[in-house]
Amino acid sequence: MRIEAKLETLGLVLPEPMQVPPGLRLPFAWVRVRGNRAYVSGHIALNPDGSVAEPLGKVGAEVSAKEGYQSARRVALAHLASLKRALGDLDRITAWLRVFAMVNVAPGFNQTPLVTNGYSDLILELYGPEVGTHARSSIGMMIPLNAPVNCEAEVEIDG
Amino acid sequence: MRIEAKLETLGLVLPEPMQVPPGLRLPFAWVRVRGNRAYVSGHIALNPDGSVAEPLGKVGAEVSAKEGYQSARRVALAHLASLKRALGDLDRITAWLRVFAMVNVAPGFNQTPLVTNGYSDLILELYGPEVGTHARSSIGMMIPLNAPVNCEAEVEIDG
Amino acid sequence: MRIEAKLETLGLVLPEPMQVPPGLRLPFAWVRVRGNRAYVSGHIALNPDGSVAEPLGKVGAEVSAKEGYQSARRVALAHLASLKRALGDLDRITAWLRVFAMVNVAPGFNQTPLVTNGYSDLILELYGPEVGTHARSSIGMMIPLNAPVNCEAEVEIDG
């Protein structure tokens, strides 16, 4: 329970499962575990109760790069929450492999890495460089629900 | 031949290989099999003869969300057709892992999950929840040929 | 050293590590190796000294499709350079698996495959069809730094 102790020390809370907006049906798994791989679906930032976190909107317009960074950090927390539900224990993650970050950008904004750093910084703070290092791509595009950031990931587990 | 029998029962036909438009050269494999993994390239919706399926255009403008759903369902059929050609038998798929759906959206349309459900619903109907469940991301972007949806996937096989 | 000899024959030079623009912090690995997989982060085209390669801009506007093709070829070289630093020897790659190409497009440009072919053609020329064949997706979107093309990849290695 090393990772969860660290989260507590940092005062961070893993959110409840996403409260899916009415009319939206999501027929897929938030995490798909198979052998020693866990594939993590695209998540957006959530409040601790699982509601969609504010602010919504495009980075470079309604949302600043700093707010986008915080949103990406919350996406990492949402991933960790889903991984904990799927794996039982976050210490089972033996290597972060790949993070794909989709940022909801206004035309002309091309500093997506500054946003995605909110995700990477938290994972590295929690898991350290050996386990936490990952390959990454960050791109600007339209995101469901107009959320500023959406990330998917793939991690290796001890399974 | 369980999956192909189900396709027949549902009255669904796997399309022929894509008829690539003149002037377009695609130097890659529709499916790349290696060990127990099959990586599926981005496909767009096809008619049974392999021609590009109508409608073309952006979801939220020329194409409705319902038409987008049908287009995503046809992308799943195109994936299954390519997987059958690569694997010989669709029953060799032991787990769907990850689906990445790219939706051609008009500005302001952010209900991409409604579109991608056309893909997920068919895979789950054919393979059931244990094998068919997958991690998924859906995003809005520009798609080659102006097709409304394009999906890639990764599946585990018995190899 | 088969691949590096081929590069030399073709007169191609692997670029130095990317010179990250001031103010940009990239807390991730260009290549993440784990078991027999190497996950390659999104890279943009570089000059031999690691500076960002011209032209910048959107394909279909400031950048032509032909220039985009050359840019994608340079992205492949940047991937090979990062893989060489991570693996020691490019001959350790036993299979290219999956390439995901993100193209910075102007509205209306939907010939992204013509651009990405610059990547695929070089990999196939160097590695031949058996090792070099890969699954691929190409899409149009906003790219960090306004670069015309950005690719990520996953390769199998002998590890």
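Below is a summary of the structure that appears in this document. Sequence order sets the numbering: in each chain, residues are counted from 1 along the sequence as written. Both sets of labels track the order of writing: A upward for chains, 1 upward for ligands. Given that the model is predicted, a residue must reach a pLDDT of at least 70 before its local features are reported, and side-chain atom pairs must reach 80 or more before they are shown or counted; all residues, however, enter totals for whole chains, interfaces and linings.

Focus: the overall build of chain A
Okay, step 1: A run of H or I in DSSP counts as a helix once it spans at least four residues, and a run of E counts as a strand once it spans at least two, with each numbered from the N terminus. Along the backbone of chain A there are 3 helices and 5 strands.
Okay, step 2: Radius of gyration: over C-alpha atoms. The globule rule applied is 2.2 Å multiplied by the number of residues raised to the 0.38 power. Here the C-alpha atoms of chain A give a radius of gyration of 15 Å, agreeing with the 15 Å that 2.2 N^0.38 yields for 159 residues.
Okay, step 3: Dimensions of chain A, computed from C-alpha atoms along their principal axes, come out at roughly 40 × 35 × 30 Å.
Okay, step 4: Every C-beta atom is placed from the backbone, and the number of other C-beta atoms within 10 Å of a residue's own sets its class: buried at 20 or more, exposed at 12 or fewer, partly exposed in between. Counting all 159 residues of chain A, 54% fall into the buried class.
Okay, step 5: Looking at chain A alone, contacts between residues at least 24 apart form 83% of all its contacts between residues at least 6 apart. Note that contacts rest on C-beta atoms placed from the backbone: two residues are in contact if these are within 7 Å.

Observations regarding the relation of the copies chain B and chain A
Superposition of the two copies of the chain requires a rotation about an axis together with a shift along that axis.
Okay, step 1: Overlaying chain B with chain A gives an RMSD of 0.0 Å, the required rotation being 120° about an axis along which the chain moves by 0.0 Å. Within this description, the copies of the chain are treated as partners about a three-fold rotation axis. Within chain B, the C-alpha atom positioned nearest to the axis of rotation is that of M141(B), 3.5 Å from it.
Okay, step 2: The share of interface residues of chain B whose copies in chain A are also at the interface is only 5%, consistent with the copies meeting through different surfaces. The superposition of copies rests on a least-squares fit of C-alpha positions from residues with pLDDT of 70 or more in both.

Re the interface of chain B and chain C
Okay, step 1: Tallying the contact residues gives 22 residues for chain B and 21 residues for chain C.
Okay, step 2: Among the secondary structure elements, those contributing two or more residues to the side of chain B that touches chain C are β1 (31-34), β2 (37-43) and β5 (149-157) of chain B.
Okay, step 3: Here the side of chain B that touches chain C takes 4 residues from β2(B), the largest share from any one element.

Quick word on the sheet that holds strand β3 (residues 93-104) of chain C
In a beta sheet, neighbouring strands are held together by backbone hydrogen bonds and run either parallel or antiparallel to one another.
Residues and elements named next belong to chain C.
Okay, step 1: A pair of strands is considered paired only if DSSP assigns at least 2 bridges between the two. Spatially, the 5 strands line up as an open sheet ordered β1-β2-β5-β3-β4, and their pairing is mixed. On the outer flanks of this sheet lie β1 (31-34) and β4 (135-141), each paired with one strand and no other. Between one strand axis and the next, the sheet turns through 10° on average, direction left out of account.
Okay, step 2: Axis definition: a line fit to C-alpha positions, over the contact stretch in the case of helices; interaxial angles, taken between N-to-C directions, run 0 to 180 degrees. Against the sheet, helix α3 (residues 112-132) touches β3, β4 and β5 (149-157), its axis set at about 175° to β3.

Thoughts on the sheet that holds strand β4 (residues 135-141) of chain B
All names here are of chain B.
Okay, step 1: Here we have 5 strands laid out as an open sheet, ordered β1-β2-β5-β3-β4, and mixed in their pairing. Whereas interior strands pair on both sides, the edge strands pair on one side only; in this sheet they are β1 and β4. Going across the sheet, the axis of each strand differs from the next one's by a mean of 10°, ignoring polarity.
Okay, step 2: By the bridge criterion, 7 bridges tie strand β3 (residues 93-104) to β4 in an arrangement that is parallel. Bridge pairing in β4 places N104 opposite M141.
Okay, step 3: Its contacts with the sheet place helix α3 (residues 112-132) against β3, β4 and β5, and it is angled at close to 175° to β3.

Observations regarding the relation of the copies chain B and chain C
Okay, step 1: When chain B is fitted onto chain C, the two copies agree to an RMSD of 0.0 Å after a turn of 120° and an axial shift of 0.0 Å.
Okay, step 2: Take the interface residues of chain B: only 5% of them recur as interface residues in chain C, which is what a contact between different surfaces looks like.

Overview of the pairing of β2(B)
Residues and elements named next belong to chain B.
Okay, step 1: Within β2, 6 of the 7 residues are buried, leaving the element largely enclosed by the surrounding structure.
Okay, step 2: Taking the residues between adjacent antiparallel strands as the criterion, β1 and β2 are bridged by 2 residues, where G35 takes a positive phi near 55°.
Okay, step 3: One ladder, built from 5 bridges, connects β2 with β5; its direction is antiparallel. Across the sheet, the residue bridging to R37 is E156, located in β5.

With respect to the environment of D89(B)
Okay, step 1: Along the chain, D89(B) falls in the loop between α2 (65-87) and β3.
Okay, step 2: As a C-alpha pair, D89(B) and R2(B) span 87 residues in sequence and 9.4 Å in three-dimensional space.

Thoughts on the interface of chain B and chain A
Okay, step 1: Across the boundary between the two partners, chain B contributes 21 residues, which contact 22 residues of chain A.
Okay, step 2: Listed by contribution, the elements that provide at least two residues to the side of chain B that touches chain A are β3, α3 and β4 of chain B.
Okay, step 3: Ranked by residue count, the leading element in the side of chain B that touches chain A is β4(B), at 7 residues.
Okay, step 4: Just so you know the grouping, Ala, Val, Leu, Ile, Met, Phe, Trp, Tyr, Cys and Pro go in nonpolar, Asp, Glu, Lys and Arg go in charged, and all remaining residues, Gly too, go in polar. A breakdown of the residues in the side of chain B that touches chain A according to their chemical character gives 8 nonpolar, 9 polar and 4 charged.

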